[in-house]
Every structure is written in C-alpha cells, then in structure tokens.
Amino acid sequence: MRSLVHTRNALHHLPDFWKGIALLRIHDLLTPGGTLILRDLVYSFDPRDAEKRVEGWLAGAAPTAAEGWTRAELEEHLRTEHSTFSWLLEPLLEHAGFDIREAAHRSGVYATYACVAR
C-alpha cells in the first residue's frame, strides 16, 4: 500500500533550515513510492523581479478580511513568514529524497508540488 502526505500552507512558517529537516521527516514517514503533495506560498520569480511581482500580488489583495487576505495581511506575511523561492525549495525536496513529478505555479507566489519518495 502506498502512503500519502498532504501539506497546505504549513512549510512557509519554517525557515529553510527547518524546511529541510521537515522534508526529511516527511520522507521517512512515507513508504517508497509514497506521495507528497505540497501546496504553499512559493516564489517562482527571479529576485530581480521581486518588487514588481510582490506589488502585483499585493495589488490583488481582498478589500476586506471577510473576502480574503487583505493587503495588510499579505504585507505581514512578507515581513514575518518564510516563503521560499522555488529554486531553493526544489533542491530541498530532491535532497530529502523526493522526485518532483509535477510542479504548478500560480501568480508567482503559490505552488503545488506532487512528489514521490525514492
């Protein structure tokens, strides 16, 4: 029987050091061939484009908290959370023993990875 771990909007709370540890631990929970579905805030743009891409993300924020994440809440995320660039997260996944089978990036700030444990 194959195993599955699904994580959504959890790893961005960890600095990259702890993301690496967490991914190793997740890998150890899975049977070989098991699947990791990782959905999180992941920056899939070049750091040179950060100002433009982040401003675009902030501009699309909800006007009120009742309608979604507001600009103030997204700004707080940028100041206090640990979202990672895709070009850093992907080697962390591979080093932890995962093969990335699929990666989907949305708006440059959200990503979904389907990974298989080696």
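Look up a bit, the structure's there.
This structure is a prediction, so every number in the text was calculated from the model and none was measured. (Residues numbered from 1 in each chain as written. Predicted model: local features only at pLDDT ≥ 70, side-chain atom pairs only at ≥ 80, totals over all residues. Heavy atoms only, no water.)

**Some remarks on helix α2 (residues 50-59)**
Condition: Partly exposed residues are those whose accessible area sits between 20% and 50% of the maximum for their type, while under 20% is buried and over 50% is exposed, using a 1.4 Å probe and protein chains only. Secondary structure counts use DSSP, requiring at least four H or I residues in a row for a helix and at least two E residues in a row for a strand, with both numbered from the N terminus. The arc refers to the directions leading from the helix axis to the C-beta atoms. Note on definitions: a residue-residue contact is assigned when non-hydrogen atoms from the two residues lie within 4.5 Å.
Considered for burial, the residues of α2 that qualify are Val54, Trp57 and Leu58. Considered in projection along α2, the buried side chains sweep an arc of 95° and stay on one side of the axis. Exposed side chains of α2 directed beyond 90 degrees from the buried face belong to Lys52 and Ala59. The inward-facing, buried residues of α2 contact β2 (35-43), α3 (71-80) and β5 (110-117).

**Concerning the pattern of salt bridges**
Counted only if it meets this: Take a side-chain nitrogen of Lys or Arg and a carboxyl oxygen of Asp or Glu: if they are within 4 Å of each other, that pair is a salt bridge.
Under the counting rule described, the total for this entry stands at 6 salt bridges. For Lys19, the salt bridge is made with Asp16, and the minimal N-O distance between the two is 3.4 Å. With a gap of 3 residues between them, Lys19 and Asp16 both fall in helix α1 (residues 16-29), about one helical turn apart. Taking the shortest distance from any N to any O, the salt bridge between Glu55 and Arg71 comes out at 2.9 Å. A residue pair is termed long-range when its members are at least 10 positions apart, and Glu55 in helix α2 and Arg71 in helix α3 qualify at 16 residues. Members of the salt-bridge network, linked through shared partners, are Glu55, Arg71 and Glu75.

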